[in-house]
Amino acid sequence: MDIDSIIVLYRTRGGIAYGGESVSQLDHALQCALLARLAGEPDEVIAGALLHDLGHLLESGTDSLPTDRVDHRHQIIGEQALARTMSSRVAACVRLHVDAKRYLCATEPDYLSGLSPVSVKSLGLQGGPFDRDQANRFIDQPFADDAVRVRRYDDQAKIPGQVTPLLDEFVPLLRRLSAW
Ligand code: FE
């Protein structure tokens, strides 16, 4: 998927609700990217934060809802869409952001209690917290540490009415990072 198509997708479908949260997909993406930028992340991680839920915008039919009983594995849909356009670091932030939640549940005692109810619900569908071996295997993967930080921005990027930069502000960064 090329950058122009990605931008069009966010412009046309970004208004859909972010699961059962009170922000749209576009608001969520922009809040997440802004948090990454404010934290001084490198461009690839900012792009990963912006695009981590791309798969939700690509899912056909109904959007993911907290009432869903299956996991659509949006992280894989998003990663596959980006695979030939973005670096493996950007793609890893997308692919691993769900497992990063499972990792943080396993390794930080207070993490689970800070999650939104929607996120706790989806955690169950996504396989629940990792055990120790799974957590060790996860964090040994390339760019898993980046994905963990993206996950923390993701968890915070759900504030209704939060002012963010416009999508246009991130377009030059996406173009710089894309392979063509
Ligand atoms: Fe998200």
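Residues numbered from 1 in each chain as written. Predicted model: local features only at pLDDT ≥ 70, side-chain atom pairs only at ≥ 80, totals over all residues. Heavy atoms only, no water.

J.: Summarise the coordination of the iron ion; cite the residues concerned and give the values.
T.: Surrounding the iron ion are the protein donor atoms Tyr18 (OH), His28 (NE2), His52 (NE2), Asp53 (OD) and Asp154 (OD), which sit 2.2 to 2.6 Å from the metal. Look at where the donors of the iron ion fall in the sequence and you get Y-x9-H-x23-H-D-x100-D. Taken together, the residues His28 in helix 2 (residues 25-38) and His52 in the loop between helix 3 (43-51) and helix 4 (54-58) connect sequence positions 24 residues apart. Residue His28 is classed as buried on the basis of its relative accessible area of 0%. (Donors = N, O, S within 2.8 Å, 3.2 Å for Na, K, Ca; no water. Helix = DSSP H or I, 4+ residues; strand = E, 2+ residues; numbered from the N terminus. Buried < 20%, exposed > 50% of the residue type's maximum accessible area, 1.4 Å probe, protein only.)

J.: Talk me through the pattern of salt bridges; I want residue IDs and the actual numbers.
T.: Summed over all chains, the structure comprises 14 salt bridges. Here Asp146 ties to Arg89 by a salt bridge, and the two come within 2.7 Å at their closest N and O atoms. Of this pair, Asp146 sits in helix 9 (residues 144-156) while Arg89 is found in helix 6 (residues 88-107), placing the two residues 57 residues apart along the sequence. Each of Glu41, Glu44, Arg89, Asp146 and Arg149 takes part in a single network of salt bridges with overlapping partners. (Salt bridge = Lys/Arg side-chain N within 4 Å of Asp/Glu carboxyl O.)

J.: If you had to explain the environment of Ser88 to someone new, which residues and values would you point to?
T.: You can see Ser88 is positioned in helix 6. Through-space distance from the C-alpha of Ser88 to that of Glu44 is 9.4 Å; in sequence the pair is 44 residues apart.

J.: Explain the packing of helix 6 against helix 9 to me, using residue names and the numbers behind them.
T.: With their axes 7 Å apart at the nearest point, helix 6 and helix 9 run at an angle of 70° to one another. Compared by their axis directions, helix 6 and helix 9 come out roughly perpendicular. Pair helix 6 / helix 9 crosses with right-handed handedness. Facing helix 6, whose interface residues are Arg89, Ala92, Cys93, Leu96, His97, Val98, Ala100, Lys101, Tyr103 and Leu104, helix 9 presents Ala144, Asp146, Ala147, Val148, Arg149, Val150, Arg151, Arg152 and Asp154. Here the residues of the contact of helix 6 with helix 9 sort into 11 nonpolar, one polar and seven charged. (Axes fitted to C-alpha atoms, helices over the stretch in contact; angles between N-to-C directions. Parallel < 35°, antiparallel > 145°, perpendicular 65-115°, else oblique. Left-handed = near helix turned anticlockwise from the far one by under 90°. Contact = heavy atoms within 4.5 Å. Nonpolar A, V, L, I, M, F, W, Y, C, P; charged D, E, K, R; others polar.)

J.: Break down the environment of Leu177 for me, with residues and values.
T.: Note on placement: Leu177 falls in helix 10 (residues 167-177). Overall, Leu177 belongs to the partly exposed group, its relative accessible area being 23%. Between the C-alpha atoms of Leu177 and Gly78, which are 99 residues apart in sequence, the distance is 16 Å. Every residue in contact with Leu177, bar those within four places of it in the chain, is listed here: Asp43, Glu44, Ala47, Thr85 and Met86.

J.: Could you give me a rundown of the packing of aromatic side chains, with the residues and numbers involved?
T.: Evaluated as defined, the whole model comprises two aromatic pairs. Measuring from centroid to centroid gives 5.2 Å for Tyr103 and Phe138, while their planes differ by 35°, and the two rings are tilted. A residue pair is termed long-range when its members are at least 10 positions apart, and Tyr103 in helix 6 and Phe138 in helix 8 (residues 132-139) qualify at 35 residues. You can call Tyr103 buried: its relative accessible area is 15%. For the ring pair Phe130 and Phe138, a centre distance of 6.0 Å and an interplane angle of 45° mean the geometry is tilted. Across the pair, exposure class does not vary: Phe130 and Phe138 are buried alike. Chaining the aromatic ring pairs together yields one cluster made of Tyr103, Phe130 and Phe138. (Phe/Tyr/Trp six-rings, centres within 6.5 Å; stacked < 30°, edge-to-face > 60°.)

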